[in-house]
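Summary of structural features
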Amino acid sequence: MVLADALLLLILLFIALLFWQGRRQAEIAKVHAQRYCQQHQLQFLDIAWQGGKIARHGRHIGWLSRYQFAFSSDREHRYEGEIQMLNLRLLKVETPVYRLPE
């Protein structure tokens, strides 16, 4: 029973680590989305996780997550962009064509 208890404890610790890492990644993605909106004079609305998978980008291997963030350029229209992150590193920010603020 001692080996089974140790194995169960390791599994629980690994799950907690994955959850903690996912929360850190989500917080960093939100900061990147807010910074992008601020730099382009947009109003940041919200952000949501769209999915993730194990991936390789160049020589880096890790957890690739996609986040969808919403913004407004004129306080009337809502647009949705996408952020891709590998672990805690920003890979790309994509936005649709939007109306420029006046």
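Structural data are supplied above this passage.
Since we're looking at a predicted model, the values are computed, not measured. Each chain carries its own residue numbering, running from 1 in the written order of its sequence. Where totals are concerned, whole chains, interfaces and linings use all residues; where local detail is concerned, this predicted model gives features only for residues with pLDDT of at least 70, and gives and counts side-chain atom pairs only at 80 or more. Note that water and hydrogens are dropped before the side-chain values are worked out from all heavy atoms of the structure.

**A short note on the sheet that holds strand β3 (residues 79–86)**
In plain terms, the rule: For two strands to count as paired, DSSP must find a minimum of two bridges between them. Secondary structure elements follow DSSP: runs of H or I no shorter than four residues count as helices, runs of E no shorter than two count as strands, and numbering proceeds from the N terminus. Fitted lines through C-alpha atoms give the axes, limited to the stretch in contact for helices. The angle between two N-to-C directions lies from 0 to 180 degrees. When checking whether two residues touch, look at their non-hydrogen atoms; a contact exists if any pair is within 4.5 Å.
Across the sheet, which stays open at both edges, the four strands sit in the order β1-β2-β3-β4 with antiparallel pairing between neighbours. Single-partner strands in this sheet number two, and they are β1 (43–57) and β4 (89–94). Within the sheet, the average angular offset between the axes of one strand and its neighbour, ignoring direction, is 20°. Where β1 meets strand β2 (residues 60–72), 13 bridges bridge the pair, whose relative direction is antiparallel. By the bridge assignment, Gly51 is partnered in β2 with Arg66. Against the sheet, helix α1 (residues 2–39) contacts β1, β2, β3 and β4, and its axis sits at roughly 45° relative to β2.

**Considering the pairing of β4**
The two faces of a sheet get side chains in turn, since along a regular strand they alternate between them. Note: β3 against β4, five bridges, orientation antiparallel. Note on β4: the bridge partner recorded for Ile83 is Val93. Joining the antiparallel neighbours β3 and β4 is a turn of two residues, in which Asn87 adopts a positive phi near 55°.

**Describing the pattern of salt bridges**
Under the convention used in this document: In what follows, salt bridge is the name for a side-chain nitrogen of Lys or Arg lying within 4 Å of a carboxyl oxygen of Asp or Glu. Only protein chains enter the accessibility calculation, which uses a 1.4 Å probe. A residue is then buried if its area is under 20% of the maximum for its type, exposed if over 50%, and partly exposed in between.
Counted by the stated rule, this structure contains four salt bridges. In this structure, the salt-bridge partner of Arg66 is Glu82, at a minimum N-O distance of 3.5 Å. Note that Arg66 is positioned in strand β2 and Glu82 in strand β3, a separation of 16 residues in sequence. Residue classification places Arg66 among the partly exposed positions, given a relative accessible area of 34%.

**Examining unusual backbone geometry**
In most cases, non-glycine residues show a negative phi, while peptide bonds are predominantly trans. The backbone phi angle of Arg75 is positive, close to 65°, even though this residue is not glycine. Checked against the element boundaries, Arg75 lands in the loop between β2 and β3. A positive phi angle is found at Asn87, which is not glycine, with a value near 55°. The topology assignment puts Asn87 in the loop between β3 and β4.

**Remarks on α1**
We apply this condition: The length a helix should cover is 1.5 Å for every residue beyond the first.
Compared with the 56 Å implied by 1.5 Å per residue over 38 residues, the 56 Å span of α1 between its first and last C-alpha is a close match. A positive phi of about 55° marks Gln41, the residue just after α1.

**Let's talk about the packing of aromatic side chains**
This is how the line gets drawn: Under the pairing criterion, centres of Phe, Tyr and Trp rings, with the six-membered ring standing for Trp, must be within 6.5 Å; the plane angle then separates stacked pairs below 30 degrees from edge-to-face pairs above 60, leaving the rest tilted.
A full pass over the atoms with the stated rule returns five aromatic pairs. Ring geometry for Tyr36 against Phe69: centres 6.2 Å apart, planes inclined by 75°, an arrangement best described as edge-to-face. Of this pair, Tyr36 sits in helix α1 while Phe69 is found in strand β2, placing the two residues 33 residues apart along the sequence. Exposure class is identical for Tyr36 and Phe69. Each is buried. Pairing Phe71 with Tyr98 gives two aromatic rings, centres 5.3 Å apart and planes at 80°, and the pair type is edge-to-face. You can see Phe71 sitting in strand β2 and its partner Tyr98 sitting in the segment after β4, a full 27 residues away along the chain. In this structure, Phe71 and Tyr98 share a single accessibility class: buried. Connected via pairs of aromatic rings, a cluster forms that spans Tyr36, Phe69, Phe71, Tyr79 and Tyr98.

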